[in-house]
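# Architecture and fold: a report
Listed here are the chains, written in short residue letters.
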Amino acid sequence: MTVRLMTPDRDFDLASPLPPHEPELTADLGLTTLWAAMAEGDRYLWDVARVVTLRGCLDPATIRYRQEVLSDFRSHPEVARELYVISSEATVGKKRIHGMLRRTPTSTLRHSVDALKVLVGHLRRLREVAAAHDGTWHSAGARRFFATVLAQLDDGYFAQIERHLTLLRFKDGQWMSAQLAQGNRGTAYTLRVPSDVRARRQRRFRTTDHRAYAFDVHPRDEAGLEALGDLRDRATNLVANALAQSTDRIAAYFTQLRTEVAFFVACLNVERRLEAAGVPTCRPEPVGLQPAPILSARGLYDGVLALRTCGRVIGNDLHADGRTLVMITGANSGGKSTFLRSIGLSHLQLQCGMHVCAERYRASVCDGLFTHFAREEDVTMRSGRFDEELGRMSRITRQLSPHSMLLCNESFTGTSEWEGSEIARQVVRALVGHGVRVVFVTHLYDLAQSLYEQATGPTLFLRAERLDDGSRSFRILEGAPLPTSYGPDLYERMGGWLPRPRRT
Amino acid sequence: MASGSHPGFERLSARTPSGPARLDGDAVRDHARTRSTGAPTAGVLFPGALSPDVPSPDVPSPDVPSPDVADEDSAVPEYVTDLHLDRVIDELLAGFEAYELRPLYLRRLRDEAEIDYRQEVFSDLERRPLLDDVRRFSRAMATVRSHLARAARVAAQPHQAARWHLDAVQTYAGAVVALQEDLAKADPRSRALRSFAAHLTGYVESAGFQKMVEEGASVQERLSSVRYILHLRELTVTVGRDEGEPDYAAQVLATFDRFRYAASRDYRIPLRDWDDMNHVESQILDRVALLFPDAFDALAEFQCRWKDFLDPPVVTFDREVQFYVSYLQWMEPLRSSGLSFSFPEVSRRLGRSTAVDAFDAALATTLVRAGRQVVTNDFSLSEPERILVVTGPNQGGKSTFARMFGQLHHLASLGCPVPGTRARLQLSDAIFTHFARQEDLSVTGGRLEDDLQRMRRILSEATAESVLVVNEIFTSTTLRDAAFLGRKVLERVTELGTLCVYVTFVDELASLNESTVSMVSTVVPEDPSTRTYKVLRRDADGRSYAIAIARKHGLTYDQLTRSLAR
């Protein structure tokens, strides 16, 4: 029995490591806001939301598989939430039972029998849910999952489990086989299920001539009693292990179910929030790894900002199909950074199977999303800001592959424009030449202009719009870099410097 | 090679296979003691009529203790501690304590032929499969001893004792046969191993050995096919024949197999095996014996018939070969870190003394274990050069170089491979060291006098065949005095013709006469605070180092004049 709601051929592994640049990605894209909306206060949902969004998949078929299961649960949200409750109860209960201190095979066996009784109850509930909604599912993932539950957990199976629970009481004593090891010591003690003949004969042995092969331990012979206990432990060891591992496996099944169902519950949660905020979401269209990248969107907005501001966001269109480099220039506070974040966030949403914060979205997957955002000046930083920036970039470049995407936000501004531009130019040229998708927000005119003049590869130039009256529309449009970043009008708006006090 | 000087070895095959049957945990040691106190017996892997851990009475070796006092610290020669050879020996012996090899590592040989004899064995064992084969054999022999000890302990329980005896014989026979085959396949070149291999072949092919193996296998076969079943109900234990009932654990696993998730852990609890059987187990065994009388009768008979089964030369080989195994085992990590060992050309009187890419064995062991780089050094002395005078910055590897020089001579005289890709070393009659001591308050007259007294003793005993290592003495005095005394020492050493390393802070001693060779510990030219630990043959020049440091701080004459002129 497997869950396989997230991936058709594999269990989703919550424990496998996240990309090492996860902290930067989280901070730069403001992901905690997204996760909080997905979790709605549930710690486990937060953990799952975090891991799934940070570890997107590369295969468009898998993305579509998740999208379809999500669509099924969108029609029956109560089922997703019920499965989450059952699996959470099953896994939490199991933990409590195994939190014991001193273990012997006998105590392990006793605890496992108790655990099994509890888990059987959860298995029955699972079966009931599956039976109640039989035939309502359209997605391959949900259909397979519920069909498996119904087929595997039938009445005959529950009877089989009950038989074990009876046998494990050892009403007629224990039979164990053994052989001789070094020093003729008994070894390979293995608990056996006696045949009926054997069991009957055994009762006879106790009173007849076979007495020669039997002996009693005196009730006050403490060492003898201990030795008997030791033999029992040896024989029970394997069965106790088998049963404990079996309950583990059932619990592992529930844990897996909890993880995978949590993802869909979290998706439903955030969709509900965005809907309440009055912003659109759409099912994106994933495209496989491409030499010439695909990236186009309509009404793309920053979901994190939408969650924070209850929907007061501006959507932008983007047509960057075939462009390896996207340079974004233009007015300060013109929405460049927000736009850059929306590209990053939507890409994470696309690759994990969620809905995307846009009206329409189509993009080719990338095998790593990296962010290099200018940091606030940090007084505790030992090395200088520029030093830190370059160190961060060098760490990123060590992880990049030709199918990665890098989002740069005002990178290399910790030094003079000329120096920063020169380094940035060399970095960008090298990365784009390597095939890495780069989206670069900058006010370094020297950099943008030189790339515009001698565009070596397929580059898209975007500019934050400034209306004629000097105000910002927060719209990002196609356009060549302009010589200034409109600093003067910011200056103007704040009313210039205060006049110098006149000396009297 | 004077093969005639190993009469004991030739006698090996003629010896009657009647030896100590009793082999408990201390058997290896006991065996050694029997030989050192009783009549002289031949070693299997060492030349000479005497066991190697007994000093030959005809070879005076004042710095080697007799084995009876070998365990006392006071008996270890001073030079062993000064050269850190004690640390090397501790490393060598780790895991080999039971074989009591320490005396072997302290006793230098005086005969080139004996050294050749050992080098041959090393050379054979160095070929990889054979060394592993021998190790496997030794592990098996340790098991044999432990099984026999168990048999002795449970002698009152015949079903158990007989089985431990059988297990010992089985292990022993397997080990001997495997070693015989391994030796035959390896086709050793050394006289020692060839001769032992021949003996082993004869032994393995003998009718007695063959019969023992056959009978043992048959008894073992019978016992291992015994299957019985126990029924435990309350306080009653019943023993019966196994009738093939199903395994219950497998049934449980099969039921839950459909949950295709891995269990989080192994819940089997490690159950301790008590050393010997308890009385419940004994009673069960007695009933199992009743159920299977044929197998247990055969077992009893086997024990009677093969009471004394150990071949004494095999037992001797097992101990003696550990000398070689322990040394090669110690070499392994050093070699895999890129360091080299080689067989030195050893002679009583050499016109030329050389080592290439050598290193301090004790320091290298520590550094390699910590994953750090080891710096190697060379030296070369040709007539009339006899004295290496080492100068240079402190902490630059001078003492290490001096120790290395002494160690090479000690290890070479054991017949062992020595650090370095190539070496030509003098077979010394004695090794002397004079290292700076911690201030000893009980000595009257102060440190300088103490130093001088020690040096006087050494110079009265050293000969042209001795090796002398002197490390930074006379530091308690002025440069002028140290130069004077140093000159006096070196003039005397030159007269004696003793091979010498002299570590000093007095530059002028480096060019004293035609016997002296100047060696300098070096630094990285661009950063004088970084030592290379390379000691190179070049003229002593303490000032060049000082100037480099000054430049780093902008304090050279030129720098200062320029900056002051501005």
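Residues numbered from 1 in each chain as written. Chains lettered and ligands numbered in written order. Predicted model: local features only at pLDDT ≥ 70, side-chain atom pairs only at ≥ 80, totals over all residues. Heavy atoms only, no water.

On to helix α4 (residues 85-93) of chain B. All names here are of chain B. Looking only at α4, the buried set comprises Leu 85, Val 88, Ile 89, Leu 92 and Leu 93. In an axial view of α4, the angular spread of the buried residues amounts to 125°, which keeps them on one side of the axis. Buried residues along α4 sit in contact with α3 (78-82), α5 (102-106), α14 (312-336), α15 (361-369) and α16 (398-412). Two residues or fewer past α4, Gly 95 is found with a positive phi of approximately 90°. (Buried < 20%, exposed > 50% of the residue type's maximum accessible area, 1.4 Å probe, protein only. Helix = DSSP H or I, 4+ residues; strand = E, 2+ residues; numbered from the N terminus. Arc of directions from axis to C-beta. Contact = heavy atoms within 4.5 Å.)

Time to look at the interface of chain A and chain B. Every contact between the two is made by 81 residues of chain A and, on the other side, 68 residues of chain B. Between chain A and chain B lies a buried interface of about 7,300 Å² when both sides are counted; carbon and sulfur atoms form 55% of it. The tally of links between chain A and chain B comes to two salt bridges. Across the pair Arg249(A) and Asp257(B) runs a salt bridge whose closest N-O atoms are separated by 3.6 Å. Along the contact surface separating chain A from chain B lie 38 residue pairs in polar contact (both at pLDDT 80 or more). Taken together, the elements giving at least two residues each to the side of chain A that touches chain B come down to α6 (105-132), α8 (155-167), β1 (174-180), β2 (186-192), α9 (196-205), β3 (214-216) and α10 (222-277) of chain A. (Buried area = accessible area lost by both parts, 1.4 Å probe. Salt bridge = Lys/Arg side-chain N within 4 Å of Asp/Glu carboxyl O. Polar contact = N/O pair within 3.5 Å; in protein donor to acceptor, adjacent residues only side chain to side chain.)

Backbone hydrogen bonds hold the strands of a sheet together, and the pairing may be parallel or antiparallel. The antiparallel open sheet is built from five strands, whose spatial order is β2(A)-β1(A)-β1(B)-β2(B)-β3(A). The open sheet has two edge strands with one neighbour each: β2 and β3 of chain A. Taking each pair of neighbouring strands and ignoring which way they run, the sheet shows an average axis angle of 25°. Sheet topology note: the β3(A)/strand β2 (residues 236-241) of chain B ladder contains three bridges and is antiparallel. Paired with Ala214(A) across the two strands is Thr238(B), which belongs to β2(B). Strands β1 and β2 of chain A together with β1 (227-233) and β2 of chain B of the sheet are contacted by α10(A), whose axis makes an angle of about 65° with β2(A). (Pairing = 2+ DSSP bridges. Axes fitted to C-alpha atoms, helices over the stretch in contact; angles between N-to-C directions.)

A separate point is the side chain of Asp360(B). Residue and element names in this part refer to chain B. Its place among the elements puts Asp 360 in the loop between β5 (352-358) and α15. One buried charged residue, Asp 360, forms no salt bridge at all, with the nearest opposite charge on Arg 403 at 4.8 Å. A polar contact of 2.9 Å, which involves the side chain of Asp 360, links it to the side chain of Gln 407. Those residues in contact with Asp 360, other than ones at most four positions away along the chain, are Thr 400, Arg 403, Met 404 and Gln 407. (Lys, Arg positive; Asp, Glu negative; His and termini not counted.)

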